[in-house]
Amino acid sequence: MVFELTADSGHEQVSYFTDPETGLRAIVAIHDTSLGPSLGGTRIFDYDTEDDALADVCRLSQAMTYKAAAADLPLGGGKAVIVGDPPAIKTEALLEAYGRAIDCLGGRYITSVDVNSSVEDMDVIAQTTDSVVGTSDGLGDPSPITAHGAFHGIRACAEAVYGTGSLSDREVVIQGLGKVGRSLAEELLAEGAAVTVSDIDADAVEAFARDHDVETVAPEAVYERDCDVFAPCAVGGVVNDDTIPTLECDIVAGAANNVLAERRHANELRDRGVLYAPDYVLNAGGLITVAKEHLGGTREEAYDEAAAIGDRLLELIERADDRGTTVLDAADAYAEERIDGAETTLASSA
Ligand code: NAD
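So, how was this worked out
Starting from 1, residues in each chain are numbered consecutively following that chain's sequence as written. pLDDT decides what is reported in this predicted model: residues at 70 or higher carry local features, side-chain atom pairs at 80 or more are listed and counted, and totals for whole chains, interfaces and linings draw on all residues regardless. Calculation of side-chain values draws on the structure's entire complement of heavy atoms; hydrogens and water are dropped beforehand. In this description, a line fitted to the C-alpha atoms serves as the axis of each element, helices being fitted only across the stretch in contact, and the angle between N-to-C directions of two axes falls anywhere from 0 to 180 degrees. Numbering goes from the N terminus for both helices and strands, where a helix is a DSSP run of H or I of at least four residues and a strand is a run of E of at least two. Roughly parallel means an angle under 35 degrees; roughly antiparallel means over 145; roughly perpendicular covers 65 to 115; every other angle is labelled oblique. Left-handed is the label given to a crossing in which the near helix is rotated counterclockwise from the far helix by less than a right angle, and right-handed is the label when the rotation is clockwise. We call two residues in contact when some of their heavy atoms are within 4.5 Å. Residues are grouped as follows: Ala, Val, Leu, Ile, Met, Phe, Trp, Tyr, Cys and Pro are nonpolar; Asp, Glu, Lys and Arg are charged; all remaining types, including Gly, are polar. Aromatic contacts are taken between Phe, Tyr and Trp rings whose centres are within 6.5 Å, Trp giving its six-membered ring; a plane angle under 30 degrees counts as stacked, one over 60 as edge-to-face, and the others as tilted. Exposure categories follow from relative accessible area, calculated using a 1.4 Å probe and restricted to protein chains: below 20% of the type maximum is buried, above 50% is exposed, and the middle band is partly exposed. For a ring to carry a charge above it, either NZ of a lysine or CZ of an arginine must fall within 6 Å of the ring centroid while also lying within 35 degrees of the normal to the ring plane. Patch membership requires over 30% relative accessible area and the absence of a salt bridge. Like charges are linked within 9 Å, and nonpolar side chains (Val, Leu, Ile, Met, Phe, Trp, Tyr) within 5 Å. Shrake-Rupley sampling with a 1.4 Å probe provides the accessible areas, and residues are treated as covered by the protein chains on show and by no other component. We define a salt bridge as a side-chain nitrogen of Lys or Arg found within 4 Å of a carboxyl oxygen belonging to Asp or Glu. Should DSSP find at least two bridges between two strands, the strands are regarded as paired. UniProt positions are given in the numbering used here, feature names are shortened, and annotations may be inferred rather than shown by experiment. In these notes, residues near a molecule or strand are those with any non-hydrogen atom within 4 Å of it. Whenever two N or O atoms come within 3.5 Å, that pair is a polar contact, provided that in protein one can donate a hydrogen and the other can accept it, and provided that, for residues adjacent in sequence, both atoms are side-chain atoms. Just so you know, the count uses Lys and Arg for positive and Asp and Glu for negative, and it drops His and the chain ends. Just so you know, the charge point we use is NZ for Lys, CZ for Arg, CG for Asp and CD for Glu.

**Q** Help me get a handle on the packing of helix α6 (residues 143-162) against helix α7 (residues 179-190), residues and values and all.
**A** Two packed helices can be described by the angle between their axes and the distance between those axes. At a minimum axis distance of 8 Å, the contact between α6 and α7 shows a crossing angle of 50°. Taken together, the axes of α6 and α7 are oblique relative to one another. Here α6 runs over α7; the crossing is right-handed. The residues of α7 that touch α6, namely those facing S143, P144, T146, A147, H148, A150, F151 and I154, are K179, V180, S183, L184, E187 and L188. Considered class by class, the residues forming the contact of α6 with α7 number eight nonpolar, four polar and two charged.

**Q** Tell me about the packing of aromatic side chains, and name the residues and values.
**A** Applying the stated rule across the entire model yields two aromatic pairs. With 5.7 Å between their ring centres and 75° between their planes, Y223 and F230 make a pair best called edge-to-face. In this pair, the class of Y223 matches that of F230, namely buried. We note R170 situated over the ring of Y162; from NZ or CZ to the ring centre the distance is 3.6 Å.

**Q** How would you sum up a nonpolar patch on the surface? Please name residues and give values.
**A** On the surface, a cluster of nonpolar side chains totalling about 280 Å² of accessible area is made up of M1, V2 and Y16. With respect to the helices, strands and loops of the structure, Y16 is situated in strand β1 (residues 13-19). Residue Y16 is classed as partly exposed on the basis of its relative accessible area, which comes to 43%.

**Q** I'd like a description of the sheet that holds strand β12 (residues 275-276), backed by residues and values.
**A** If you walk across this open sheet you meet the six strands as β9-β8-β7-β10-β11-β12, and the pairing is parallel. Whereas interior strands pair on both sides, the edge strands pair on one side only; in this sheet they are β9 (215-216) and β12. Pairing between strand β8 (residues 194-198) and β9: two bridges, direction parallel. The residue of β9 that forms the bridge with V197 is T216. α7 rests against β7 (171-175), β8 and β10 (229-232) of the sheet, and its axis sits at about 170° to β7.

**Q** Could you give me a rundown of the UniProt feature "active site" (unreviewed entry) in the protein chain, with the residues and numbers involved?
**A** UniProt tags K79 as "active site" (unreviewed entry). When near neighbours in sequence (up to four residues on either side) are disregarded, K79 contacts I27, V28, A29, G40, G41, V57, L60, S61, M64, Y109 and D114.

**Q** Run through the site of the ligand, naming residues and quoting values.
**A** Taken together, 18 residues form the shell around the ligand, and within it T146, V180, D199, A234 and N257 come nearest. In this structure, an oxygen atom belonging to the ligand sits 2.9 Å away from a main-chain N or O atom of V180. Separating an oxygen atom of the ligand from a side-chain N or O atom of N257 is a distance of 3.0 Å. In isolation the ligand exposes 830 Å². Once the protein is present, 72% of that is buried. Every element with two or more residues in the shell around the ligand is listed here: α6 and α7.

**Q** Run through a negative patch on the surface, naming residues and quoting values.
**A** Taken together, D46, D48, E50, D51, D52 and D85 make up a surface patch of like negative charges. Tracing the backbone through its elements, the reader meets D52 in helix α2 (residues 50-70).

**Q** So what's going on with the pairing of strand β2 (residues 24-32)? Residues and values would help.
**A** Most of β2 is tucked away: eight of the nine residues are buried. In terms of strand pairing, β1 meets β2 through seven bridges, oriented antiparallel. When the bridges of β2 are listed, T18 appears paired with R25. Sheet topology places β2 next to strand β5 (residues 76-83); six bridges connect them, and they run antiparallel. Paired with V28 across the strands is A80, a residue of β5.

Here's what the structure looks like:
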């Protein structure tokens, strides 16, 4: 299983770490370091089996390679999982042991926040390694910067579909009013868009609607809502065999990770005349922020780089049109060109 999975997905290195004293069990997957050290968060999760943990960390680290490459960052892709029930296993001693473990990798893997790991956890890890970003001394919450990148991505999609990037009076439906969804809604409202919001947390929707000029839609009715842009900003897998036939939008562009249940769904959207902006291109603002922290730079610079996601996406849409592919295929091809050392940028290769 291990060699089959790691070699087939092109991983350079997969390391297992244990520490009997603290009960640490961690897997670090370094997918590709052609463009620089691998960077990706540490997920703490109680996987059913070790094979599930390995499959998840490999899938996630490969995705980080593509996200970093497509964002023109000098970074590779990596990810880590600590196996166990977070409240039960997460102690300072375990996190320090984990920091020592990743320190052994000599800077080939840099960690950050992910599901069930926090800024406070990164502060503890930083006591035993320098290979960590997203600490409280860092550039702060990346979510508004992720939203800023997604906002510019949505503008680019509008330009491609409607011939103007103006979102004035365009109806955008946002699924998920969390840290990213709320910031995105506020940027869109400031631009004059007609924003509809939805969340499984009815209180969050009510509170947001009280303070903002938005419409609301029930979580189960979100897909069939007639709109220009559907922006998934909650969970993955929401564009699937069941939801695609019900979609009433021209554009699917959101910040959630793994929006498509399966890769083939990008083709199905294209066949239906719906423009799908690859999630990992649109939501790269978070990675851009922690990369800025690692490489040195300011939060303002991270905002500027996230805004450039719009131009990058427009170039990818043009490439996809020229080649008759989906934008997802164009984005993957661009990332692979960078990784293979073509040293290309979109502007120079378009
Ligand atoms: P969050 O946890 O703050 O918010 C998620 C929101 O989605 C919550 O309000 C939750 O109630 C809601 N939700 C969950 N399931 C839902 C459903 N089925 N229908 C409607 N709403 C639902 O998360 P976030 O930081 O805002 O991130 C949102 C998405 O963007 C995630 O997929 C995340 O992986 C991705 N992302 C976030 C960042 C970042 O900087 N925060 C960066 C890259 C990608």
